[in-house]
Amino acid sequence: MRAFREAVEAQDMDAVEALLAEDVVFTSPVVFKPYAGKEITAAILHGVARVFEDFRYEREIGDPDGPDHALVFTARVGDRELTGCDFIHVDEEGLIDELMVMVRPLSGAQALQEAMAGQFERIAKEAEARLG
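Described below are features of the structure shown in this document. (Residues numbered from 1 in each chain as written. Predicted model: local features only at pLDDT ≥ 70, side-chain atom pairs only at ≥ 80, totals over all residues. Heavy atoms only, no water.)

### Comments concerning the nonpolar core
Condition: Definition used in this section: a nonpolar core is a set of buried Ala, Val, Leu, Ile, Met, Phe, Trp, Tyr and Cys residues joined via side-chain atoms within 4.5 Å. For every residue, the accessible area (1.4 Å probe, protein chains only) is compared with the maximum for its type, and the residue is labelled buried under 20%, exposed over 50%, or partly exposed between those bounds. Throughout, a contact is declared for two residues whenever any of their heavy atoms are within 4.5 Å.
Membership of the largest hydrophobic core comes to 36 residues, with the highest contact counts inside it found for F4, F52, F73, I88, I96 and L99. When near neighbours in sequence (up to four residues on either side) are disregarded, L99 contacts F4, V25, F26, T27, L45, D86, F87 and I88.

Structure (C-alpha cells):
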C-alpha cells in the first residue's frame, strides 16, 4: 500500500484521510471495540501521529496489487520503543476499509494506551468536527 505508506512517512495526514473508505473499520492495539467510520478513524490517526516519535516503516508484506497489506513499523512513545504492524485491506475502489494495528512489547502498548488516553478528548472533538 504505497500511497498510505508514503503519506504516513511524509506525515501528510490529509493524504492518509483521503485513502480511507467512508465505512472503514479501525481496530486499535489497545482498545477492545473496533471504531467504525472515516471521521473517527481519521481523528485517531491524527492522534497517533502526535504521539508516535521516530516512526518509520521497516518493510511491507504482501502482493502490492492485492487487497491485503502488512506494513511493519518501529516507533517510540516517550521512553518506550515499540514494533508494530498495520494490517490493511482495501476495497474494490482502492480505499482502505479495514485497518488493524498491533504493537509489541507490552510495555510499548501500555505507553501507547496511556498517551492515546491523553488524546481522547481532542480525538472526539476532531471526529465531531469532521462530521459537521
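### Some remarks on the packing of helix 3 (residues 38-51) against helix 5 (residues 120-131)
Which entries qualify depends on this criterion: Think of each axis as a best-fit line through the C-alpha atoms, taken over the contacting stretch in the case of a helix, with angles from 0 to 180 degrees between the N-to-C directions. Runs of E in the DSSP output that reach at least two residues are strands. Runs of H or I that reach at least four are helices, and both are numbered from the N terminus. For this classification, under 35 degrees means roughly parallel, over 145 means roughly antiparallel, 65 to 115 means roughly perpendicular, and everything else is oblique. Two helices crossing with the near one rotated counterclockwise from the far one by less than a right angle form a left-handed crossing, whereas a clockwise rotation gives a right-handed crossing. Polarity classes work like this: nonpolar for Ala, Val, Leu, Ile, Met, Phe, Trp, Tyr, Cys and Pro, charged for Asp, Glu, Lys and Arg, and polar for all others, with Gly in that last group.
Contact geometry for helix 3 and helix 5: axes closest at 8 Å, N-to-C directions at 140°. As summarised for this structure, helix 3 and helix 5 are arranged oblique, according to the angle between their axes. Seen from above, helix 3 lies across helix 5 with right-handed handedness. When helix 3 is examined against helix 5, the residues E39, I40, A42, A43, I44, H46, G47 and R50 are found in contact with a partner set consisting of R122, I123, E126, A127, R130 and L131. Its residues assigned to classes, the contact of helix 3 with helix 5 comprises seven nonpolar, two polar and five charged.

### Some remarks on helix 1 (residues 2-9)
Our working rule: Taking the helix axis as origin, the arc is that swept by the directions to the C-beta atoms.
All of the buried residues along helix 1 are F4, R5, A7 and V8. On an axial view of helix 1, the arc spanned by its buried residues comes to 165°, and they lie on one face. For helix 1, the elements touching its buried residues are helix 2 (13-18), strand 3 (53-61), strand 4 (68-77), strand 5 (80-90) and strand 6 (96-104).

### Observations concerning the sheet that holds strand 3
Note the cut-off: Strands pair, by our definition, only if DSSP identifies at least two bridges between them.
Pairing is mixed in the open sheet, where six strands are placed in the order 2-1-6-5-4-3. The open sheet has two free edges, formed respectively by strand 2 (35-36) and strand 3, since each of these has just one partner strand. Of the pairings in the sheet, the one linking strand 5 to strand 6 comprises eight bridges and is antiparallel in character. Residue pairing across strands places T83 opposite R104, the latter belonging to strand 6. Along the sheet, helix 1 contacts strand 3, strand 4, strand 5 and strand 6; its crossing angle with strand 3, the most-contacted strand, is approximately 165°. Packing against the sheet, helix 4 (residues 106-117) makes contact with strand 4, strand 5 and strand 6, and its axis sits at approximately 75° to strand 5.

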